[in-house]
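# Fold and geometry: a report
The residues making up each chain are set out below.
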Amino acid sequence: MSDQCVFCDIVSGTSPASWVYQDDTVVAIMDIQPITQGHMLVVPREHAALMTDINETTAMRTFRVARSLAAIAKRALDAGGVNIFVADGEVAFQDVPHFHVHVIPRYAHDGFGFTFPGTYEQPPTRVQLDAIAEALRAAATPATA
Ligand SMILES: [Zn+2]
């Protein structure tokens, strides 16, 4: 638990939330500023800022619940699809420094989109891709590979 963490306050019951699901490891709540109808957050009970700060079992439970809620949203809200999104770090638009997974139901013409950098239209060569892949393989350890 962390001082002044809104998600820790929700998990402990000291701040209100619209709860969707809870178990001994994670909770799922409605996002208070939804991108689309049914936008949910799956939040581990344990405080950790980043995805790599939590143990693998908790991380996998978080994604497993997100996957299940995505299927439920499609049935219950008639969503045509779902985006699962993690903002891991401030540069990646993480707004609350307590790891969470967004479950964002999608509807035709719902207005949600992605903006890609200009380099998207000039993709790297195979040689450049191979060099990046090699650097990543070289950095990997058995625990993270
Ligand atoms: Zn927290």
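Quick look at the structure, then. Model, not experiment: these values are computed from the prediction.

Moving on: the coordination of the zinc ion. For the zinc ion, the full set of protein donor atoms is Cys-5 (SG), Cys-8 (SG), His-47 (ND1) and His-98 (ND1), and the range of their distances to it is 2.0 to 2.3 Å. Bound by four donor atoms, the zinc ion shows angles of 104 to 117° at the metal and therefore tetrahedral coordination geometry.

Here strand S3 (residues 40-44) lies mainly inside the structure; five of its five residues are buried. By the alternation rule, side chains of S3 split into Met-40, Val-42 and Pro-44 and Leu-41 and Val-43, which are all buried. Taken together, the five bridges between strand S2 (residues 26-30) and S3 define a ladder with antiparallel strand orientation. Note on S3: the bridge partner recorded for Ala-28 is Val-42.

This structure, assessed with the given rule, holds four salt bridges. Taking the shortest distance from any N to any O, the salt bridge between Arg-61 and Asp-24 comes out at 3.2 Å. On the criterion of sequence distance, the pair formed by Arg-61 in helix H2 (residues 56-76) and Asp-24 in the loop between strand S1 (19-22) and S2 is long-range, its members being 37 residues apart. A relative accessible area of 64% places Asp-24 in the exposed class.

Conventions used here
Residue positions are given per chain, counted from 1 along the sequence in the order it is written. Where totals are concerned, whole chains, interfaces and linings use all residues; where local detail is concerned, this predicted model gives features only for residues with pLDDT of at least 70, and gives and counts side-chain atom pairs only at 80 or more. Computation of side-chain values covers all heavy atoms of the structure but excludes hydrogens and water. Any N, O or S atom lying within 2.8 Å of the metal counts as a donor, with the limit raised to 3.2 Å for Na, K and Ca; because water is left out of the atom set, some sites can appear incomplete. Tetrahedral means four donors with every angle between 85 and 135 degrees, whereas square planar (four donors) and octahedral (six donors) require angles over 155 degrees between opposite donors and between 65 and 115 for all others; sites fitting neither are termed irregular. The buried label applies to any residue whose accessible area, calculated with a 1.4 Å probe on protein chains only, is under 20% of its type's maximum; exposed applies above 50%, and partly exposed to all values in between. Elements are defined by DSSP. Helices are runs of H or I of four residues or more, strands are runs of E of two residues or more, and each kind is numbered from the N terminus. Strands qualify as paired when DSSP identifies two bridges or more between them. By convention in these notes, a salt bridge is any Lys or Arg side-chain nitrogen within 4 Å of a carboxyl oxygen on Asp or Glu.

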